[in-house]
Amino acid sequence: MDDNNKGKGEPLDIKAEKVGNYVILRLSGEVDVYTAPQLREQIISQVDKGEYDIVVDLEMVDFLDSTGLGVLVGGLKRVKPHNGSLSLICNQEKILRIFRITGLTKVFPIFSSKEDLQKESG
Amino acid sequence: MDDNNKGKGEPLDIKAEKVGNYVILRLSGEVDVYTAPQLREQIISQVDKGEYDIVVDLEMVDFLDSTGLGVLVGGLKRVKPHNGSLSLICNQEKILRIFRITGLTKVFPIFSSKEDLQKESG
Amino acid sequence: MIEASEKEGTVIELEIPAKPRYVGVVRLIASSLARMQDFREEAIDDLKIAISELCTNAIIHTSNKGGLSPVVVRYITGDDFIQVEVQDNGPGFDAACVGRLRENGLVEKGYGIPLIKSLVDEFFCDSDPATGTRIRITKYRE
Amino acid sequence: MIEASEKEGTVIELEIPAKPRYVGVVRLIASSLARMQDFREEAIDDLKIAISELCTNAIIHTSNKGGLSPVVVRYITGDDFIQVEVQDNGPGFDAACVGRLRENGLVEKGYGIPLIKSLVDEFFCDSDPATGTRIRITKYRE
Ligand SMILES: Nc1ncnc2c1ncn2[C@@H]1O[C@H](COP(=O)(O)OP(=O)(O)O)[C@@H](O)[C@H]1O
Ligand SMILES: Nc1ncnc2c1ncn2[C@@H]1O[C@H](COP(=O)(O)OP(=O)(O)O)[C@@H](O)[C@H]1O
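A. How the structure looks around the overall build of chain C. When helices and strands are counted, chain C shows 3 helices and 5 strands. Helices (α) and strands (β) of chain C occur, in sequence order from the N terminus, as β-α-α-β-β-α-β-β. Its C-alpha atoms give chain C a radius of gyration of 14 Å, within 12% of the compact-globule value 14 Å for 142 residues. In terms of its C-alpha atoms, chain C occupies a principal-axis envelope of roughly 35 × 35 × 25 Å. Counting over 142 residues, chain C shows a buried share of 54%. For chain C, the share of sequence-separated contacts (at least 6 apart) that also reach a separation of at least 24 residues comes to 69%. Counting every atom, chain C has about 5,900 Å² of accessible surface; 48% of that belongs to carbon and sulfur. Of the charged side chains in chain C, 17 are positive and 23 negative; the average position of the first set lies 5 Å away from that of the second.

Take a look at the structure:
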């Protein structure tokens, strides 16, 4: 009945890290109507800096709903004109399921770990 | 915003263990108006079995309010006629504070750990 | 997917301002109640998403209308089910016209109601431009 | 300890059945809202205890009266405070006559209101045999 947000200030935390050609956005917390604007702005600011290959790491995400899906699709639409990509790292069944139900597994490349991503992208 | 009760069934769990002359009741979870009856019954059943030296371990307790205090005082009243004792193990400031505010630190022997208790009663 | 009639159960009612920051609290109560009813973690995750979608819609459409009227959430719990009703005073909509996933490429919207429908056992929508929208979902404990 | 006048802020209202099992949910909402307002963990612990005491009293005395009427909890949050109001339709009581710790030995009751008063910044009680009890507490963020 207690909550485990102790010490966490914000419901969503985003850390950006440049790895090779990619920028990885590591999310932790909840992506919903309240926090999704934060993710949208982060993606826009990366694209504005010329980063067109974006990886969103969802491993530490506790919750994601359709607002989050919309923002990810929006991100993909922004990098596409630059021949960029928007990939996901996710190995959590509860999150993957949402992408499966909505058919978005066909839209985003999804890797089960950072290692997997690096193997794939050489 | 998420809760950490995942996998825990009940809000209060009580494990009884006989250690030397004592019975230690190890509580974990929340002691409030909903769960306190569980603690009361556990104490009564120990006294009914002839266990008059009871130690209540509060180290894993997340929450305790005046209903819990009342049950502990009730327990003490039950063991007293048998020359028994009711002691506490607690090193959590947030719990100790409640005993301090209500003056109950004068009523219960409070040990900061099981080792402390054994040293003292050794 | 069958319609969710109103069930007999224990009712908890919550009224929140129509603002995004309170959706988390609505989910939190749902998961707490579902856990008290011994729902499995996966079922609780389903419920949280469905409720989040309902509240998101209620909040967005209420504030689009310029309204400040609160969103009301009713949790009805029984032996083997949880029902959640989300009610707003927004502009209403025709539920028959939404809720199918569009196949035409990259859309950013329209995932909410299809998600809800695939995650819960019953779905009932009562919507009217005059009175707003009330959607009720039911999830059974397996 | 000063009286808690009703403050301007965002209001969240919760209605629960007068049953012990729902006190946990009332605390959970309080800690979630307080955390959103950046209250320190110790202050959140204080609030949780105070609210738990209020709800416990409301629930016990409402059901003693044989009533099934719900307990209403209102959370009012502002920039630097949280106010919580707990209202019941129970038998009421004279707040002036309670709330002092008795010194005469081992008592099992009477710790609630003294605890509340030492944990919160403001306390206001409005109680009447006809209408029940409404207690409002205020906690400021340091
Ligand atoms: N509470 C509501 N009030 C008014 N319209 C709503 C409400 N809920 C849903 N709708 C309508 O149904 C449509 C589909 O909703 P949904 O599937 O959740 O996708 P999205 O909200 O992303 O458009 C919305 O675009 C809106 O027109
Ligand atoms: N909501 C309430 N309705 C009726 N009486 C109440 C209420 N809250 C408190 N009281 C009265 O005040 C007394 C003191 O309350 P409290 O300090 O919490 O201790 P306790 O509840 O353990 O007696 C109660 O015994 C009861 O008579």
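Text resumes after the structure shown.
B. Spatial organisation of the site of ligand 1. Residues and elements named next belong to chain C. Around ligand 1, a shell composed of 14 residues is seen, among which Asn57, Asp88, Lys109, Gly110 and Ile113 lie nearest. Between ligand 1 and Lys109 there is a distance of 2.9 Å, counted from an oxygen atom to a side-chain nitrogen or oxygen. Within the backbone of Gly110, an N or O atom sits 2.9 Å from an oxygen atom of ligand 1. Relative to its unbound accessible surface of 530 Å², ligand 1 loses 83% to contact with the protein. At the level of elements, helix H2 (41-64) and helix H3 (112-119) are the ones that each hand at least two residues to the shell around ligand 1. Within the shell around ligand 1, the residues separate by chemical class into 6 nonpolar, 6 polar and 2 charged.

C. Spotlight on the confidence of the model for chain C. When pLDDT is averaged along chain C, the result is 91, and 94% of the positions lie at 70 or above. Across the whole predicted complex the pTM is 0.92, and at the interface the ipTM reaches 0.90.

D. Representation of the packing of helix H1 (residues 23-36) of chain C against helix H1 (residues 23-36) of chain D in the model. Between H1 of chain C and H1 of chain D, the least distance of the axes is 10 Å, while the angle of their chain directions is 150°. The angle between H1 of chain C and H1 of chain D places the two elements in the roughly antiparallel class. Where H1 of chain C crosses over H1 of chain D, the two elements pack in a sense that is right-handed. On the side of H1 of chain C, the interface is formed by Val25, Leu28, Ile29, Ser32, Leu33 and Met36 of chain C, while H1 of chain D contributes Val25, Leu28, Ile29, Ser32, Leu33 and Met36 of chain D. Tallied by class, residues from the contact of H1 of chain C with H1 of chain D come to 10 nonpolar, 2 polar and no charged.

E. Spotlight on the pairing of strand S2 (residues 71-77) of chain C. All names here are of chain C. Judged by how many residues are buried, S2 sits mostly within the fold: 7 of 7 residues are covered. Relative to S2, strand S1 (residues 10-16) runs antiparallel, the two sharing 7 bridges. Bridge pairing in S2 links Glu13 to Arg74. Judged from the 6 bridges that link them, S2 and strand S3 (residues 81-88) form a sheet pairing that is antiparallel. Considered in S3, the bridge of Arg74 is made with Glu85. Taking the residues that link successive antiparallel strands as the turn, the S2-S3 hairpin has 3 residues.

Parameters and conventions
Residues numbered from 1 in each chain as written. Chains lettered and ligands numbered in written order. Predicted model: local features only at pLDDT ≥ 70, side-chain atom pairs only at ≥ 80, totals over all residues. Heavy atoms only, no water. Helix = DSSP H or I, 4+ residues; strand = E, 2+ residues; numbered from the N terminus. Rg over C-alpha atoms; globule rule 2.2 N^0.38 Å. Buried < 20%, exposed > 50% of the residue type's maximum accessible area, 1.4 Å probe, protein only. Contact = heavy atoms within 4.5 Å. Areas by Shrake-Rupley, 256 points an atom, 1.4 Å probe, with all protein chains shown as cover. Lys, Arg positive; Asp, Glu negative; His and termini not counted. Charge placed at Lys NZ, Arg CZ, Asp CG, Glu CD. Near = heavy atom within 4 Å. Polar contact = N/O pair within 3.5 Å; in protein donor to acceptor, adjacent residues only side chain to side chain. Nonpolar A, V, L, I, M, F, W, Y, C, P; charged D, E, K, R; others polar. pLDDT = per-residue confidence, 0-100. Axes fitted to C-alpha atoms, helices over the stretch in contact; angles between N-to-C directions. Parallel < 35°, antiparallel > 145°, perpendicular 65-115°, else oblique. Left-handed = near helix turned anticlockwise from the far one by under 90°. Pairing = 2+ DSSP bridges.

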